[in-house]
Amino acid sequence: MAPSLGTICLAPITDSSLWAETMQKARFWQQPEYYSIDLTPLSTDAFKEYFSSPVVGCFNPNSIVSSNETISRYDVDFYKITLDEIKNITIPICWDIKFTGIVHAIAGWFDLEFNLHDQLPVNQKKYDNNTDFMGNAYTPVNDANYSSFGSDHNGESANCSTRNPVTLCTGPNHPPTHWQQVRFLLPEPIAVNYGQRLVGKMTMVVNASRSYDMHLDVSLIENSFISSNAQSQQHLPPATQTPELYSNNGPKYIRQTKCSWYLHEQIYNYSYSSNSNDYNNQIKPENLNLYSAESNNIN
């Protein structure tokens, strides 16, 4: 059964433990006397490799630094997308920062939607007793296509127009799945303040390994959703747009970050468990070294 719609989700997160663990691995190659072998000539390449490898594994949903409303969500309509379009995908980014803290990584996950009434059997001979792959009776319209279900397991009418789609969510706020989530570690973490905004894009380019190269280009700017300066606010682009250039009277530019990862070189880290008491106790921002004016009732 193939999905009808997919949604790619991206969000900035703080994860000092994973970042420090990865940095420690890279520092191994900075040893000039490892059993009389100088490893330092490989240190630069080792650092690049570790921080360009996506890390698969679940993470704490409380570590997301942006507001939930501005998490990037990019829809892929599998009924309409072309081969060329799926080879090069650009996801706009416009994250409103809701905490003061450190962004160590970009987290990614996906949601899928299955419209069952659009996925009826093509060949009746493949199914017995006039039932589809879900065990529901169907009514053939012609020799090749079928447009509706006859009845469901309860014997009630199961009109395809009223059948709700089945969804699969792999995000951090849902039960873990086979796919878990992925974290793209930043070689240089970004220090952010409450009320700032990260804008830019994540580009996915297909590669020869039947996977994607991921390229991030984001800028940190001042004066986002809590700005009291009306003049600056009117120059701020909507959260659904990715500005290419800001005017002199617009938001203050702070820094730009560019880095790349290669999905086919993914590694795994299963240190986080949603059932772990250690993580379940970290329900307050300060437990993750995050500060929020809202959580402290400060205007």
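That block above? That's the structure.
Residues numbered from 1 in each chain as written. Predicted model: local features only at pLDDT ≥ 70, side-chain atom pairs only at ≥ 80, totals over all residues. Heavy atoms only, no water.

Right, let's talk about the overall build of the chain for a bit. Broken down by element type, the chain carries five helices and 13 strands. A burial count over the chain gives 41% of its 299 residues as buried. Put simply, of all contacts in the chain between residues at least 6 apart along the chain, 75% involve residues at least 24 apart. In the structure as shown, the chain presents an accessible area of about 17,000 Å², 48% of it carried by carbon and sulfur atoms. (Helix = DSSP H or I, 4+ residues; strand = E, 2+ residues; numbered from the N terminus. Buried < 20%, exposed > 50% of the residue type's maximum accessible area, 1.4 Å probe, protein only. Contact = heavy atoms within 4.5 Å. Areas by Shrake-Rupley, 256 points an atom, 1.4 Å probe, with all protein chains shown as cover.)

All right, on to the packing of helix 1 (residues 16-27) against helix 2 (residues 43-51) then. Helix packing for two helices is described by the angle between their axes and how far apart those axes are. Contact pair helix 1 / helix 2: the axes reach a minimum separation of 9 Å and the direction vectors enclose 150 degrees. Classified by the interaxial angle, the pair formed by helix 1 and helix 2 is roughly antiparallel. Along this stretch, helix 1 crosses helix 2, giving a crossing that reads as right-handed. Packed against helix 1, whose contacting residues are Trp-19, Thr-22, Met-23, Lys-25 and Ala-26, the element helix 2 presents Phe-47, Tyr-50 and Phe-51 at the interface. Looking at the contact of helix 1 with helix 2 residue by residue, the classes come out as six nonpolar, one polar and one charged. (Axes fitted to C-alpha atoms, helices over the stretch in contact; angles between N-to-C directions. Parallel < 35°, antiparallel > 145°, perpendicular 65-115°, else oblique. Left-handed = near helix turned anticlockwise from the far one by under 90°. Nonpolar A, V, L, I, M, F, W, Y, C, P; charged D, E, K, R; others polar.)

In this section: unusual backbone geometry. Positioned with a positive phi, Ser-36 is a non-glycine residue whose angle comes to about 70 degrees. Within the secondary structure layout, Ser-36 lies in the loop between helix 1 and helix 2. With a phi close to 50 degrees, Gln-180 is a non-glycine residue in the positive phi region. Along the polypeptide, Gln-180 turns up in the loop between strand 8 (166-169) and strand 9 (182-192). When its relative accessible area of 16% is taken as the criterion, Gln-180 is described as buried.

Turning to the environment of Leu-263, a few remarks are in order. Residue placement: Leu-263 occurs in the loop between strand 12 (253-262) and strand 13 (267-268). Along the sequence, Leu-263 and Ser-211 sit 52 residues apart, while their C-alpha atoms lie 6.2 Å from each other. In this structure, Leu-263 is in contact with Pro-54, Phe-184, Ser-211, Tyr-212 and Met-214, ignoring residues within four places of it in sequence.

Looking at the largest pocket, its volume works out to about 840 Å³. In this structure, the largest pocket is lined by 28 residues; those nearest its centre are Ile-8, Phe-110, Met-204, Tyr-212 and Leu-263. Going through the elements one at a time, strand 1 (5-13), strand 5 (101-114), strand 9 and strand 11 (212-221) are the ones with two or more residues in the lining of the largest pocket. When its residues are assigned to classes, the lining of the largest pocket shows 19 nonpolar, eight polar and one charged. (1 Å grid on protein atoms, 1.4 Å probe; cavity = no way out; pocket = protein on both sides within 12 Å on 5 of 7 lines; lining within 4 Å. Points joined across faces, edges and corners; volume = space filled by probe spheres on them.)

Grouped together as the largest cluster of nonpolar side chains are 31 residues, with contacts concentrated most on Phe-184, Met-202 and Leu-216. At the level of elements, strand 1, strand 4 (88-96), strand 5, strand 9, strand 10 (197-206), strand 11 and strand 12 are the ones that each hand at least two residues to this core. Those residues in contact with Phe-184 that lie beyond four places of it in its chain are Leu-10, Pro-54, His-104, Ala-105, Ile-106, Met-202, Met-214, Trp-261 and Leu-263. Membership of the second largest hydrophobic core comes to 15 residues, among which are Cys-9, Ile-13, Val-55 and Leu-185. (Core = buried A, V, L, I, M, F, W, Y, C linked by side-chain atoms within 4.5 Å.)

All right, on to the sheet that holds strand 10 then. Taking strand neighbours across the sheet as the criterion, the four strands line up as 4-10-11-12 in an open arrangement whose pairing is antiparallel. Strand pairing shows two members of the sheet lacking a second neighbour, strand 4 and strand 12, which therefore form its edges. The average angle at which neighbouring strand axes cross in this sheet is 15 degrees, direction not considered. Relative to strand 11, strand 10 runs antiparallel, the two being bridged by 10 bridges. Paired with Val-206 across the bridge in strand 11 is Tyr-212. (Pairing = 2+ DSSP bridges.)

Time to look at the environment of Trp-261. Inspection of the secondary structure assignment puts Trp-261 in strand 12. Considered as a pair, Trp-261 and Leu-216 are 45 residues apart in the sequence and their alpha carbons are 8.6 Å apart. Aside from chain neighbours lying at most four places away, what touches Trp-261 is Phe-51, Ser-52, Ser-53, Pro-54, Phe-184, Leu-185, Leu-186, Met-202, Tyr-212, Asp-213, Met-214 and Leu-216. At 2.9 Å, the side chain of Trp-261 and the backbone oxygen of Leu-185 are in polar contact. (Polar contact = N/O pair within 3.5 Å; in protein donor to acceptor, adjacent residues only side chain to side chain.)

Taken as a whole, helix 2 has its buried residues at Ser-43, Ala-46 and Phe-51. Around the axis of helix 2, the buried residues are gathered within 115 degrees of arc, so they sit on the same side. Exposed and oriented more than 90 degrees from the buried face of helix 2 are Lys-48 and Glu-49. Buried residues in helix 2 make contact with helix 1, strand 9 and strand 12. (Arc of directions from axis to C-beta.)

To continue, consider the side chain of Thr-170. With respect to the helices and strands, the residue Thr-170 is situated in the loop between strand 8 and strand 9. A polar atom in the side chain of Thr-170 sits 2.5 Å from the backbone oxygen of Phe-110.

The values reported here are purely geometric and, on their own, carry no functional implication.
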